[in-house]
Amino acid sequence: MYIPEHFRVHDHAEAIAFMHANPFAILVSSTEDGPFATHLPVFVSKAGDQLVIRGHVAKANPHWRHLEQNSNSLTIFHGPHAYVSASNYTTRENVPTWNYGTVHVYGNARTFASPEDLQGILHQLIGTFEPAYAEQWESLSDAYRERMLSHIVGFEITVTKIEAKFKLSQNRTLEEQSNVIISLERAEDTAISGVSRLMREQKLGVKKESE
């Protein structure tokens, strides 16, 4: 991913926090016919010093076969994004742009299909997205749960590299950053107002104490 230095996120903890906050990702694999992508929720965790990404795909989705044939993968975590009008800038000779946050994660995948392993990833996903559903899942008949599990294949990606990019007007003046924040936070669309929130979290548009 192309990342100018002023947009690069160097803190891995910050990148991982972004991944947790935006768990609906795009898993990309290389195949003989070109790139293949699947949109899906994932669970990110640490196993010792190693970061891993876990999830599952439908057995009917050929992506799990692609992972078996070529374990190298890219997982894209995409967050808020917004059009930024040139009217936010203090000089006329400027052009519009787009602000956003994204994290690209590279790694090696393995697949699994045993009921025990699949139950493990389901418990992690349920615990993340709807803990209250755990009781309902456990109350379902064994036959139904076994049938549901037979329709999915799990995967685990051992992360080898993280690239994080927050393009949030870091290359603009404090006044212009403030203008962008104010213009975006008014939006009803959370994808747009979320950029404003992310800019505030990055302490943009405000004078640093040391300055």
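Just above, that's the structure.
Structural notes, computed from the coordinates. This is a predicted model, so every value here is computed, not measured. Every chain is numbered on its own, with residues counted from 1 as its sequence reads. Reporting of local features is limited, given that this is a predicted model, to residues whose pLDDT is at least 70; pairs of side-chain atoms are given and counted only at 80 or more, and all residues count toward the totals for whole chains, interfaces and linings. Side-chain figures throughout are based on the complete set of non-hydrogen atoms in the structure, without hydrogens or water.

Observations regarding the overall build of the protein
Each helix and strand in the protein was counted, giving seven helices and seven strands. Runs of H or I in DSSP of at least four residues are treated as helices and runs of E of at least two as strands, each being numbered from the N terminus. Tracing the protein from N to C terminus, the helices and strands come up as α-β-β-β-β-α-β-β-α-α-α-β-α-α. Based on the C-alpha atoms only, the size of the protein along its principal axes is roughly 65 × 40 × 30 Å. Categorising residues by exposure relies on relative accessible area from a 1.4 Å probe, with only protein chains included: less than 20% of the type maximum marks a residue as buried, more than 50% marks it as exposed, and the intermediate range marks it as partly exposed. The buried share of the protein, reckoned over its 211 residues, is 42%.

Things to note about the environment of Thr173
Note on placement: Thr173 falls in the loop between strand S7 (152-167) and helix H6 (174-185). Take Thr173: its relative accessible area is 40%, and that puts it in the partly exposed class.

Examining the packing of aromatic side chains
Pairing of aromatic side chains here covers Phe, Tyr and the six-membered ring of Trp, requires ring centres within 6.5 Å, and sorts the geometry by plane angle: under 30 degrees stacked, over 60 edge-to-face, intermediate tilted. Using the criterion set out here, one finds two aromatic pairs in the structure. Centroid distance Phe18 to Phe166: 5.3 Å. Interplanar angle 50 degrees. Geometry classified as tilted. Of the two residues, Phe18 sits in helix H1 (residues 12-21) while Phe166 sits in strand S7, which places them 148 residues apart along the sequence. Look at Phe166 and you get buried, because its relative accessible area is 2%. Arranged with centres 5.9 Å apart and planes meeting at 75 degrees, the rings of Tyr83 and Trp98 form a pair that is edge-to-face. Here Trp98 lies in strand S6 (residues 97-112) and Tyr83 lies in strand S5 (residues 72-84), a separation of 15 residues in the sequence. You can call Tyr83 partly exposed: its relative accessible area is 47%. Sitting above the plane of the Tyr106 ring, Lys161 keeps its charged end 4.6 Å from the centroid. Both a distance and an angle decide whether a charge sits over a ring: NZ of Lys or CZ of Arg must be within 6 Å of the ring centre and within 35 degrees of the ring normal.

Here's the deal with the sheet that holds strand S2 (residues 34-41)
Here, strands pair whenever DSSP counts at least two bridges between them. Overall, antiparallel pairing links the seven strands, which are arranged S2-S1-S5-S6-S7-S4-S3 in an open sheet. Sheet topology places S2 and strand S3 (43-47) at the edges, where each strand pairs with a single neighbour. Sheet twist, expressed as the mean angle between neighbouring strand axes with direction ignored, is 35 degrees. Where strand S4 (residues 50-58) meets S7, seven bridges bridge the pair, whose relative direction is antiparallel. Within S7, the residue paired with Val52 across the bridge is Thr158. Angles here are taken between N-to-C directions and fall from 0 to 180 degrees, while the axes themselves are lines fitted to C-alpha atoms, restricted in helices to the stretch in contact.

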